[in-house]
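One-letter residues, chain by chain:
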Amino acid sequence: MTHILHRQISAVLPVASGGKGVELFDSNGRAYIDASGGAAVSCLGHGHPDVIAAMHRQADTLAYAHTSFFTSDIAEALADRLVADAPAGISHAYFVSGGSEAIEAALKMARQYFVEIGQPLRRNIIARKQSYHGNTLGALATGGNEWRRAQFRPLLIETHHIDPCFAYRFQEAGETDQDYAARAAQALEDKIIELGPETVMAFVAETVVGATAGAVPPVADYLRRIREICDRYGVLLLLDEVMCGMGRTGTLHACEQDGVAPDLMTIAKGLGGGYQPIGAVLLSQKIFDAFANGSGLFQHGHTYISHPMACAAALAVQEVIARDRLLDNVKAMGAHLARRLGERFGNHPHIGDIRGRGLFMGVELVEDRSTKQPFDPKRKLHARIKKAAMANGLLVYPMGGTIDGASGDHVLLAPPFICDVAAIDAIVERLGDAIGEALRS
Ligand SMILES: Cc1ncc(COP(=O)(O)O)c(C=O)c1O
């Protein structure tokens, strides 16, 4: 008997009772290797003593003060740190309680920016199919994940979606990476022209696509081309790094590897590593200046923005990552994970693609490797894999609808930055067994 409206009403969930390092424990004493950090959240694993100590210190000092009355030392310190390490042009941070709130705030920043600079016609948002930007109404409207949107469509603002940069599914046979990147980016320019450049406000994209398509990185110079197109038409580039950012791909920001700096960036999950709910928008100087020289405010706000406990957890997480040089470990263990996945699944008849960056990897399942034919969605292979993995003491993040929101299955892996070779080997071993069991069931 429960009084919680759980995600699945009939599901009988184990009770999480603790966690240490790469493992979570349930109340029956079972241990699970957390190979996905929930949804790419727990970047430091569980029970990290330094983060817990920082949260204790903050609780003893100041738990909460409303931001219309006060700022706090801890929020200022976190903003200083994030801006110091941010891509070129980013000058300020805005702290919220998660990824969806960050997207909502960023969309409003984009809109207010154009109002402030005297371009009030700019209202159109262009994003990509097979993307996820959150579940609040603005974020859901922006995302291109069909099954999540379907029943809420009458409530969603109008947005526009182009095809993603998704090599395994969209690159044509014989097409070079360069040519495919150019073709995929051209879709943005075509859409801007179709809508009228003077009406387009922002292009929104996950630097590396996460939950919806399973760790899909951009190809060749795709993002640089996107940046150029945005600049050509005065459109803001909003990179959503809620899932792929904050070190997950081996650099603090995934877009560093593409040589691109956005006008707005959203971060969350790995920012606080699950120790507290926190997300942020990182905004560029030109947006800040437009507000500062215009109305003098950002017309937005929530009760818990810049929450001191959340900021303390996030600052501690980021300090541990830097102090322990964990991004080096993400690169090394990411390479090991890619190697081990290749060894285990490279010749597997039902694994069509292994992809990703750093400790952010996806494997896509297919019925037939030569035609890339997916499994019948009714089989819910992704759900079977999740169940079999849990029974094997492994937490991974499988999802269906990989290709178009209806068909396709993938498994997303996002192990903690503290993992070692033994943990990676165990993850691949248990995943292989779980996939085998799910395929047989
Ligand atoms: C890329 C991306 N953006 C936004 C969100 C929404 O974040 P939250 O669930 O914290 O609201 C998610 C969550 O999975 C995400 O992956």
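Residues numbered from 1 in each chain as written. Predicted model: local features only at pLDDT ≥ 70, side-chain atom pairs only at ≥ 80, totals over all residues. Heavy atoms only, no water.

1. Focus on the site of the ligand
This is how the line gets drawn: Throughout, near means a residue has at least one heavy atom within 4 Å of the molecule or strand. In protein, a polar contact means a hydrogen-donor-capable atom and an acceptor-capable atom, both N or O and within 3.5 Å, with residues adjacent in sequence counting only if both atoms are side-chain atoms; elsewhere, any N or O pair within 3.5 Å suffices. The protein chains shown are the only cover counted for residues, whose accessible areas, like all others here, come from Shrake-Rupley with a 1.4 Å probe.
Lining the immediate environment of the ligand, one finds G98, G99, S100, Y132, H133, G134, E206, D240, V242, M243 and K269. A distance of 2.7 Å separates a nitrogen atom of the ligand from a polar atom in the side chain of D240. Interatomic distance of 2.8 Å between a side-chain N/O atom of K269 and an oxygen atom of the ligand. In the complex, the protein chains occlude 82% of the 390 Å² of accessible area that the ligand would expose alone.

2. Overview of the packing of helix α3 (residues 73-84) against helix α11 (residues 308-323)
Heads up, the rule is: Here, axes are lines fitted to C-alpha atoms. For helices the fit covers the stretch in contact, and angles between N-to-C directions go from 0 to 180 degrees. Starting at the N terminus, helices and strands are each numbered in turn, a helix being any DSSP run of H or I of at least four residues and a strand any DSSP run of E of at least two. Here the angle decides the label: under 35 degrees means roughly parallel, over 145 means roughly antiparallel, 65 to 115 means roughly perpendicular, and every other value means oblique. In this scheme, a crossing is called left-handed if the near helix is turned counterclockwise away from the far one by less than a right angle; it is called right-handed if the turn is clockwise. Here, two residues are considered to be in contact whenever any of their heavy atoms come within 4.5 Å of each other. Three classes are used, and their members are as follows: Ala, Val, Leu, Ile, Met, Phe, Trp, Tyr, Cys and Pro are nonpolar, Asp, Glu, Lys and Arg are charged, and the others, Gly among them, are polar.
Across the interface, α3 lies against α11 with an axial gap of 8 Å and an inter-helix angle of 40°. Between α3 and α11, the crossing angle belongs to the class labelled oblique. For α3 against α11, the interelement crossing comes out left-handed. For the pair α3 and α11, the contacting residues are I74, A75, A77, L78 and R81 in the first and P308, C311, A312, A314, L315, Q318, E319 and A322 in the second. Tallied by class, the residues present in the contact of α3 with α11 amount to 10 nonpolar, one polar and two charged.

3. A few points about the packing of aromatic side chains
Here is the rule: Each aromatic pair joins two rings of Phe, Tyr and Trp (for Trp, the six-membered one) with centres within 6.5 Å, and gets the label stacked for planes under 30 degrees apart, edge-to-face for over 60, and tilted for any other angle. For every residue, the accessible area (1.4 Å probe, protein chains only) is compared with the maximum for its type, and the residue is labelled buried under 20%, exposed over 50%, or partly exposed between those bounds. Should the NZ of a Lys or the CZ of an Arg lie within 6 Å of a ring centre and within 35 degrees of the ring normal, that charge is described as sitting over the ring.
Throughout the structure, instances matching the rule amount to five aromatic pairs. Summarising the aromatic geometry, the rings of Y64 and Y304 are spaced 6.0 Å apart at their centres and angled 70° between planes, so their arrangement reads as edge-to-face. In this pair, Y64 is assigned in the loop between α2 (49-61) and α3 and Y304 in the loop between α10 (285-293) and α11, connecting sequence segments 240 residues apart. Overall, the relative accessible area of 32% leaves Y64 in the partly exposed class. Sitting over the face of the ring of Y168, K372 holds its NZ or CZ atom 4.4 Å from the ring centroid.

4. Side note on helix α8 (residues 177-195)
Going by this rule: The span you would expect from a helix comes to 1.5 Å times its residue count less one.
Here α8 contains 19 residues, and its C-alpha end-to-end distance of 28 Å stays within 8% of the 27 Å for a straight helix at 1.5 Å per residue. Along α8, the residues that are buried comprise Y180, A181, A184, A185, L188, E189, K191, I192 and L195. Trailing α8 by a residue or two, G196 shows a phi angle of about 95°, which is positive.

5. Digging into the pattern of salt bridges
To keep things clear, this is the line we draw: For salt bridges, the criterion is a side-chain nitrogen of Lys or Arg within 4 Å of an Asp or Glu carboxyl oxygen.
Scanning the model with the defined rule gives 23 salt bridges in all. With its nearest N and O atoms 2.8 Å apart, the salt bridge here joins E364 to R355. Accessibility expressed as a relative area gives 7% for R355, which makes it buried. Three or more residues are tied together by salt bridges with common partners; here these are R340, E343, R344, D425, E429 and D433.

6. Observations regarding unusual backbone geometry
Most peptide bonds are trans, and most residues other than glycine sit at a negative phi. Phi at S306 takes a positive value of approximately 55°, unusual for a residue other than glycine. Within the fold, S306 resides in the loop between α10 and α11. Of the residues examined, S306 reaches a relative accessible area of 19% and is grouped as buried. A positive phi angle, near 50°, is found at R325, a position not held by glycine. Within the secondary structure, R325 is located in the loop between α11 and α12 (326-345).

7. A few points about the nonpolar core
Rules: Residue types Ala, Val, Leu, Ile, Met, Phe, Trp, Tyr and Cys, when buried and joined through side-chain atoms within 4.5 Å, form a set referred to as a nonpolar core.
With 98 residues, the main nonpolar core has F203 and L431 as its most contacted residues. Considering each element in turn, this core owes the most residues, 11 residues, to α11.

8. Points about the domain arrangement of the chain
Defined as follows: Just so you know, the domain bounds were taken from an automatic or database domain assignment. Accessible-area loss on putting two parts together, using a 1.4 Å probe and summing over both, is the definition of buried area adopted here.
The domain architecture assigned to the chain consists of domain 1 (16-48 + 325-440) and domain 2 (52-323). Facing 41 residues of domain 1, the contacting portion of domain 2 comprises 41 residues. Contact between domain 1 and domain 2 buries roughly 3400 Å² in total, counting both sides, with carbon and sulfur atoms accounting for 58%. Remark: the boundary between domain 1 and domain 2 carries two salt bridges.

9. Some remarks on the sheet that holds strand β4 (residues 90-96)
Here is the rule we go by: One requirement defines pairing of two strands: DSSP has to find at least two bridges between them.
Overall, mixed pairing links the seven strands, which are arranged β4-β10-β9-β8-β7-β5-β6 in an open sheet. Across the chains shown, the open sheet's two edge strands, defined by having one partner strand only, are β4 and β6 (160-162). Strand-to-strand twist in this sheet, taken as the mean axis angle between neighbours without regard to direction, amounts to 20°. Pairing analysis gives five bridges linking strand β7 (residues 200-206) to strand β8 (residues 236-240), with the strands arranged parallel. What sits directly across from F203, in β8, is L237.

10. Quick word on a nonpolar patch on the surface
Convention followed: Residues enter patches when they are more than 30% accessible in relative terms and free of salt bridges; like-charged ones are connected within 9 Å and nonpolar ones (Val, Leu, Ile, Met, Phe, Trp, Tyr) within 5 Å.
On the surface, L137, F152 and L155 cluster together into a nonpolar patch covering about 280 Å² of accessible area. Along the polypeptide, F152 turns up in the loop between α6 (146-149) and β6. By relative accessible area, F152 is classed as partly exposed at 36%.

11. Section: α11
The first and last C-alpha atoms of α11 sit 22 Å apart over 16 residues, in line with the 22 Å expected at 1.5 Å per residue. Across the 16 residues that make up α11, a large majority, 13, are buried. Looking one or two residues past α11, R325 carries a phi angle of roughly 50°, positive in sign.

12. Things to note about the sheet that holds strand β1 (residues 16-20)
Strands pair in a sheet through their backbones, by hydrogen bonds, and they do so in one of two ways: parallel or antiparallel. The strand order across the open sheet built from four strands is β1-β2-β3-β13, with neighbouring strands paired in mixed fashion. With one partner strand each, in any of the chains shown, β1 and β13 (394-395) form the two edges of the open sheet. Here strand β3 (residues 31-34) pairs with β13 via two bridges, running parallel. When the sheet's bridge partners are listed, D34 is paired in β13 with L395.

13. Notes on the pairing of strand β15 (residues 409-413)
A regular strand carries its side chains on alternate faces of the sheet. For β15, the buried fraction is high: five of the five residues fall into the buried class. Burial along β15 is two-sided: the face carrying D409, V411 and L413 and the face carrying H410 and L412 are both buried. Both strand β12 (residues 360-365) and β15 contribute to a ladder of five bridges, which runs antiparallel. Along β15, the bridge assignment pairs E364 with H410. For strand β14 (residues 397-400) and β15, the ladder comprises four bridges, and the chain directions are antiparallel. By the bridge assignment, M399 is partnered in β15 with H410.

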